[in-house]
Amino acid sequence: NAILYPILCVELTCSKPDCSIRLMSMIKLLERDSFLQKLDAALQEAMINQGHVVLVSGEAGIGKTSLVDHFTQAYQDAVRILWGACDSLFTPRPLGPLYDIAMQVDGELSALLRSDVNRQTIFSACLAEMQRRPTIAVFEDVHWADEATLDLIKFLGRRIQRTAALLILTYREDDLGAGHPLHLVFGDLPRSVTLRLPLLPLSQASVMELAHDAKQDERVNDLYTKTGGNPFFVTEVLANGDGGVPPTVRDAVLARAARLSTAAREVLNVASVVPGSIEAWLLNIILEPAPVAVEECVERGMLRLDGDIYAFRHELARRALEDVLPASQRRSLNQQILKALIERGNEQVQLSRLVHHAAFAGDGNAVLYFAPQAARQAAMVGSHLEAAAHYQTALHYADRLDLTEHAQLLENRAYECYLTSQMSDAIRARMLALEIWRRSQNPMQEGNNLRWLSRLHWFSGNQAQAERYAVEAIHILETLPPGRELAMAYSNRAQLHMLANETADAIRLGNQAIALAEEFGDLETLSHALNNVGTSEMFSHYSASGHTKLERSLQFALAHGFHEHAARAYTNLASQSVDHRRYDQAMQYLNDGIVYSTERDLDAWKLYMLAWRARAYFEQGHWTEANEDALAVLDNPRASAVARIPAMAVFGHLRLRRGELDALQVLDDARNLAIPTGELQRIGPIACARAESNWLQGDLEQCVTEARVGYELALKNENSRLLEELSFWIWRAGGPLSGDEQLLSPFALQIAGDWRAAADAWEQLGCPYERAMALMDGDNAAQLLALEIFERLGAQPTADIMRNKLHATSQQKLDKDKFGGLTAREREVATLIAQGKSNREIAESMTVGVKTVETYVTRVLNKLGFDSRVQIATWAMEKGLR
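Reading the values: the criteria
- Counting from 1, residues in each chain are numbered in the order their sequence is written.
- Totals for whole chains, interfaces and linings use all residues, but because this is a predicted model, local features are given only for residues with pLDDT of at least 70 and pairs of side-chain atoms are given and counted only at 80 or more.
- The basis for every side-chain value is the complete set of non-hydrogen atoms in the structure, without hydrogens or water.
- Runs of H or I in DSSP of at least four residues are treated as helices and runs of E of at least two as strands, each being numbered from the N terminus.
- Two residues qualify as a contact provided that any one of their heavy atoms is within 4.5 Å of a heavy atom in the partner residue.
- Note on areas: Shrake-Rupley, 1.4 Å probe, and residue coverage restricted to the protein chains presented here.
- Should DSSP find at least two bridges between two strands, the strands are regarded as paired.
- To estimate the expected span of a helix, subtract one from its residue number and multiply by 1.5 Å.
- Burial classes: relative accessible area under 20% of the type maximum marks a residue as buried, over 50% as exposed, and values in between as partly exposed (1.4 Å probe, protein chains only).
- Here an angle of 0 to 180 degrees is reported between the N-to-C directions of two axes, which are lines fitted to C-alpha atoms, with helices fitted over the stretch in contact.
- For Phe, Tyr and Trp, where Trp contributes only its six-membered ring, two rings pair if their centres lie within 6.5 Å, and the inter-plane angle classes them as stacked under 30 degrees, edge-to-face over 60, or tilted in between.
- Whether a charge lies above a ring is judged from NZ of Lys or CZ of Arg, which has to be within 6 Å of the ring centre and within 35 degrees of the ring normal.
- The distinction between a cavity and a pocket rests on a 1 Å grid over the protein atoms alone: a 1.4 Å probe fits inside a cavity but cannot get out, while a pocket stays open yet meets protein on both sides within 12 Å along at least five of seven lines, and a residue with an atom within 4 Å of a point counts as lining.
- Grid points are joined across faces, edges and corners, and a volume is the space filled by probe spheres set on the points.
- Here the term charged refers only to Asp, Glu, Lys and Arg, the term nonpolar to Ala, Val, Leu, Ile, Met, Phe, Trp, Tyr, Cys and Pro, and the term polar to all other amino acids, Gly among them.

Tell me about the overall build of the chain, residues and numbers included.
For the chain, the count of helices and strands is 45 helices and 12 strands. Overall, the C-alpha framework of the chain stretches about 125 × 80 × 50 Å when taken along its three principal axes. Sequence-distant contacts, at least 24 apart, represent 63% of the contacts inside the chain between residues at least 6 apart. Only carbon and sulfur atoms are counted for the fraction: they give 49% of the accessible area of the chain, which is about 37,000 Å².

Here it is in structure tokens:
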């Protein structure tokens with residue numbers, strides 16, 4: 001038994017007279033030794049500038065803090081220990097652990113956190129601090145981390161290996177749902193420097209040992225069953241010592257708290273209202289407790305003291321006590337705490353704390369004052385989820401605002417939800433703002449919100465609604481003096497036309513937007529509109545003019561800090577390069593764009609570009625990389641519909657070519673998402689994949705049907721890329737083409753019968769699967785090469801088709817060599833002749849006419865070069881045909 005678990009020194013009173021039990025004031029090693037060894041090894045590597053990130057996980061009460069605390073105490077004289085924590089505030093405080101750590105170090109970090117510098121500067125300062133000397137930095141309870149802290153973890157994690165630092169993160173595994181953002185953070189950490197330590201409950205033997213040490217052996221029978229081996233549950237129950245096992249931690253905590261003096265319980269009541277920890281000065285202002293009361297809480301293990309800060313030994317204990325406070329008392333305590341924090345001064349108190357206590361105090365005016373400030377502060381460091389939550393908190397009291405302030409608050413909430421892919425919430429807020437502006441008779445803001453609703457519905461995959469709002473926005477704004485709002489409305493409508501392959505309308509409206517933007521010096525709208533026009537010009541054929549406009553859009557955006565527009569320019573430059581199979585150029589734009597978006601938390605664009613990179617990898621035969629990028633999108637709960645559709649198309653198509661059984665279900669789901677968009681770029685690739693699926697299964701009629709789903713749309717929109725691929729599948733299945741297609745790609749060469757030229761063209765473009773499909777139509781050598789390519793790619797279904805085709809060809813050649821080129825029917829006639837049957841008897845046996853038999857006999861004589869039936873009979877017997 002090897003690992004460490006703390007047994008707290010707690011006085012217990014038994015029900016029997018004169019019986020007192022004192023638990024051992026020591027650290028017991030129980031089932032944790034292997035974790036300590038791994039931590040030791042990681043620290044040794046960190047000491048030689050090979051830093052690590054350690055993820056200590058487990059359910060609430062499993063002993064994560066105890067393990068880390070024991071480990072750090074063993075090295076406190078050798079390395080610097082920095083300790084920060086995330087709190088379960090009403091809305092998490094941005095960069096909470098970093099504020100804790102800033103108070104423990106000398107330097108500029110604390111000053112930077114109080115300034116208005118961007119978060120990249122703050123993150124770099126934190127990294128520099130960790131590089132200064134060997135360090136163990138602990139971030140506790142990162143399952144409560146705000147968005148900025150999650151980004152800080154990613155920032156440090158990617159650079160930790162070049163430091164002499166060990167970054168230890170603790171979190172509750174059972175608090176991480178499928179969509180928790182922490183999964184994404186951990187997925188981005190380099191595997192080579194990430195150590196995972198998942199803590200498990202104690203075994204029954206260890207629970208028995210703890211009970212024995214506490215001199216409570218009589219409780220062993222039900223202790224393990226009722227606690228499940230959770231160390232916190234076990235120690236709480238043992239420390240409670242009331243002769244029974246509470247069913248929940250709350251019961252255990254309340255039972256222990258009930259044994260404290262009235263003064264000590266009052267201390268706990270105040271502390272329970274403050275998430276995370278409470279400063280000594282704040283406790284003194286609210287309660288002015290006697291030192292003995294505070295000491296009682298610490299000595300009895302209810303609170304722990306760290307400098308001049310008090311915290312519950314476990315957050316569950318704090319919550320248990322807070323939950324049982326009468327509502328009036330809880331509100332009163334929050335009011336007192338809020339007043340004390342305000343008097344302390346905003347510069348020394350984080351705004352998120354003020355919002356939390358204002359909300360629980362029911363102080364609407366304070367919420368309306370602090371929540372928008374907290375939201376702006378959170379957004380400044382990239383914590384857009386927290387910003388959205390703060391705005392929502394403020395909106396609970398929006399009836400106290402005038403209509404304009406209420407609408408602006410809704411718009412701010414909508415924008416933060418948009419950035420964080422909470423599209424339904426964003427739409428709801430915009431709709432409410434729109435109604436207010438309509439009541440206020442403010443058509444400018446009405447039109448602006450309609451334009452935003454168009455954008456939000458497009459992201460949600462609802463093309464019809466997006467188009468309706470776009471038209472309505474322009475209709476209203478055109479009645480007003482022209483300005484930036486109208487320019488952006490034109491550009492938004494141009495974007496919708498561009499996405500729908502309606503090139504002429506996209507260019508017309510885009511140029512109107514460009515003209516207005518240039519007239520008013522609106523560089524942001526100019527960048528947006530140039531993107532739409534340039535992309536539209538490149539749709540059918542690669543256009544140097546279109547590429548120049550897209551590059552100009554990108555440079556405007558980069559130069560002026562239009563982050564979203566820069567990411568969109570990267571996306572469209574990359575996607576058009578993929579569409580025209582300029583893969584080297586595409587990968588450059590994709591990689592640069594993904595880095596750019598990642599550094600600026602533009603997750604919507606990062607995910608969209610990952611989907612396009614998956615497509616580029618897929619077409620180039622890099623299927624492992626394609627699968628990874630597609631899954632990175634599909635596993636992200638915030639991925640929008642427009643990012644999920646192309647990722648699902650690649651993922652399903654890839655699984656189809658690999659012969660995975662669930663491929664069609666993936667493509668079904670993708671089609672259901674794609675059809676409502678009405679966009680060829682969403683529908684076309686799925687139609688291609690589904691057509692191929694039916695061809696692989698031999699259902700040629702359905703292959704044609706599936707291909708035509710996108711074919712008609714591609715023909716209408718003059719999209720040569722998809723039109724050629726869909727035409728290929730119709731041709732491959734034997735279906736008719738309209739004759740209106742203008743096919744120029746290698747697909748056209750193959751359809752025309754020049755398989756060799758098609759295969760050479762595909763090889764030059766770098767598309768191995770398509771090359772092998774062309775080689776399938778070639779001679780024996782070409783088919784053998786096709787089989788080799790299919791097998792190398794892992795395209796098992798197509799490889800099987802090619803293998804069967806080669807086998808059939810080989811068998812035909814063998815039959816020709818052995819039987820002189822006689823068909824199976826002709827061999828049957830020769831066999832019957834060898835049996836001495838006449839033409840009439842042969843006709844009866846084969847159920848054909850005598851004339852037909854005579855024809856067969858003549859063919860056999862001619863093919864074998866014989867003059868008589870006797871020669872046929874002799875030959876047939878020699879070949880074993882009897």
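Can you explain the side chain of N627? Please cite residues and give values.
Tracing the sequence through the fold places N627 in helix α31 (residues 623-634). The residues touching N627, leaving out its near neighbours within four places in the chain, are F651, L654 and R658.

Requested: an account of the sheet that holds strand β12 (residues 309-312), with residues and values cited.
Taking strand neighbours across the sheet as the criterion, the 3 strands line up as β10-β12-β11 in an open arrangement whose pairing is antiparallel. What marks the edges here is a single partner per strand, and that holds for β10 (278-279) and β11 (303-306). Bridge count for β11 against β12 is 4 bridges, and the pairing is antiparallel. Looking across to β12, one finds that R304 is bridged to A311.

Go over helix α19 (residues 384-395), please, and point to the residues and values.
Along an α-helix, residues three or four apart share an orientation, since each turn contains 3.6 residues. Along its 12 residues, α19 runs 16 Å from first to last C-alpha, staying within 8% of the 16 Å computed at 1.5 Å per residue. Taken across its 12 residues, α19 has 9 buried, putting it largely inside the fold. Considering only its buried residues, α19 is in contact with α6 (147-157), α17 (351-361), α18 (364-380) and α20 (403-419).

If you had to explain the sheet that holds strand β5 (residues 52-58) to someone new, which residues and values would you point to?
Strand pairing in a sheet is mediated by backbone hydrogen bonds. Such pairs are either parallel or antiparallel. Pairing in this open sheet of 5 strands is parallel, and the strands run β6-β7-β8-β5-β9 from one edge to the other. With partners counted over all chains shown, the strands left at the sheet margins are β6 (80-85) and β9 (194-198), one partner each. Each neighbouring strand pair of the sheet contributes to a mean axis angle of 15°, computed without reference to strand direction. Pairing of β5 with β9, which is carried by 5 bridges, proceeds in the parallel orientation. Bridging across to β9, V53 finds its partner in T194. Running at roughly 155° to strand β7 (residues 135-140), α6 makes contact with β5, β7 and β8 (165-172) of the sheet.

A description of the packing of aromatic side chains should follow, citing residues and the corresponding values.
If you walk through the whole model with that rule in mind, you get 20 aromatic pairs. Note on F728 and W731: the rings are 5.8 Å apart at their centroids and 40° apart in plane angle, and the pair reads as tilted. One end of the pair is F728 and the other is W731, both in helix α36 (residues 720-732) and 3 residues apart, which spans about a single turn. An angle of 65° between the planes, with centres 5.4 Å apart, marks the rings of Y769 and F790 as edge-to-face. Of the two residues, Y769 is situated in helix α39 (residues 768-775) and F790 in helix α40 (residues 780-793); the sequence distance between them amounts to 21 residues. F790 matches Y769 in its accessibility class, with the two residues each being buried. Positioned above the aromatic ring of F155 is the side chain of R159, whose terminal nitrogen or guanidinium carbon lies 3.8 Å from the ring centre. In this arrangement the basic side chain of R344 is found over the ring face of W281, its NZ or CZ atom lying 4.0 Å from the centre.

Report on empty space enclosed by the protein, specifying residues and quantitative values.
Tallied over the full model, the rule gives 11 cavities of 30 Å³ or more. Quantified by volume, the largest cavity comes out at close to 270 Å³. Forming the walls of the largest cavity are 19 residues, and the residues nearest its centre are D579, W612, R615, Q681 and P685. Among the secondary structure elements, those contributing two or more residues to the lining of the largest cavity are α28 (563-579), α30 (603-619), α32 (641-658), α34 (680-696) and α36. Its volume calculated, the second largest cavity comes out at about 140 Å³. Lining the second largest cavity are 16 residues, and of these M498, L499, N572, Y608 and Q681 lie nearest its centre. Considering each element in turn, the lining of the second largest cavity owes the most residues, 6 residues, to α28. Of the residues belonging to the lining of the second largest cavity, the class tally is 7 nonpolar, 7 polar and 2 charged.

Describe unusual backbone geometry, and please don't skip the residues or the numbers.
Even without glycine at this site, Q441 takes up a positive phi of about 55°. Following the sequence through the fold, Q441 ends up in the loop between α21 (423-439) and α22 (443-459). Despite not being glycine, T847 has its phi angle at roughly 55°, a positive value. Its place among the elements puts T847 in the loop between α43 (839-846) and α44 (850-864). Overall, the relative accessible area of 69% leaves T847 in the exposed class.

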